[in-house]
Amino acid sequence: MGVLWRWRYDYTGQINGLHSFCPVANCDMQIYGVFGPYRGPYQPTTEYVCDRCGHRETVVGSQEQIEDRVTREIQRLLRTETWQHALAGR
Ligand SMILES: [Zn+2]
């Protein structure tokens, strides 16, 4: 199910204020990443735990790496038509 990401744009159009939310329908609680167990010597994980419904998601990477990846993915989607398809597919 993953993690639901929301963001804003600053005055230059750059992505600013990336926030993670619980993806469970009708929950929509903001959740924060905490250090999870390592999958390997250089593979940290981040756990997103919803303190409202208990949904737990483990994502490979440090929180910084994940947010960087999400930001780049948003930028990629905004550059391509994929974004429109993604919206239409909801
Ligand atoms: Zn939840």
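Structural notes, computed from the coordinates.

Regarding the overall build of the protein
So, point 1. Counting its secondary structure elements, the protein contains 2 helices and 5 strands.
So, point 2. With 90 residues in all, the protein has 11% of them scored as buried.
So, point 3. Pairs at least 24 apart in sequence give 26% of the contacts found in the protein among residues at least 6 apart.

Some points on the pairing of strand 2 (residues 15-21)
So, point 1. By the bridge criterion, 5 bridges tie strand 1 (residues 4-9) to strand 2 in an arrangement that is antiparallel. Bridge pairing in strand 2 links Trp-5 to Ser-20.
So, point 2. In sequence, strand 1 turns back onto strand 2 through a hairpin of 5 residues, with Gly-13 there showing a positive phi of about 90°.

Observations concerning the sheet that holds strand 3 (residues 33-35)
So, point 1. An order of 3-4-5 is seen for the 3 strands of this open sheet, with the pairing classed as antiparallel. Only two strands of the sheet have a single partner each, and these edge strands are strand 3 and strand 5 (56-60). Each strand of the sheet is rotated relative to its neighbour by a mean of 35°, with strand direction disregarded.
So, point 2. Note that strand 4 (residues 45-49) and strand 5 share 5 bridges and pair antiparallel. Among the inter-strand pairings, Tyr-48 is bridged to a residue of strand 5, identified as Glu-57.

Describing the nonpolar core
So, point 1. Grouped together as the largest cluster of nonpolar side chains are 6 residues: Cys-22, Ile-31, Tyr-48, Cys-50, Val-59 and Ile-66.
So, point 2. Excluding residues within four positions of it along the chain, Ile-31 makes contact with Ser-20, Phe-21, Cys-22, Tyr-48, Val-49 and Cys-50.

Considering unusual backbone geometry
So, point 1. Even without being a glycine, Asn-26 presents a positive backbone phi close to 70°.
So, point 2. When you line up the elements, Asn-26 lands in the loop between strand 2 and strand 3.
So, point 3. By C-beta crowding, Asn-26 is classed as exposed, having 6 other C-beta atoms within 10 Å.
So, point 4. Even without glycine at this site, Asp-28 takes up a positive phi of about 60°.
So, point 5. Note on placement: Asp-28 falls in the loop between strand 2 and strand 3.
So, point 6. Note on Asp-28: 14 C-beta atoms within 10 Å, which makes it partly exposed.

Definitions and limits used
Residues numbered from 1 in each chain as written. Predicted model: local features only at pLDDT ≥ 70, side-chain atom pairs only at ≥ 80, totals over all residues. Helix = DSSP H or I, 4+ residues; strand = E, 2+ residues; numbered from the N terminus. Buried ≥ 20, exposed ≤ 12 C-beta atoms within 10 Å, placed from the backbone. Contact = placed C-beta atoms within 7 Å. Pairing = 2+ DSSP bridges. Axes fitted to C-alpha atoms, helices over the stretch in contact; angles between N-to-C directions. Core = buried A, V, L, I, M, F, W, Y, C linked by C-beta atoms within 7 Å.

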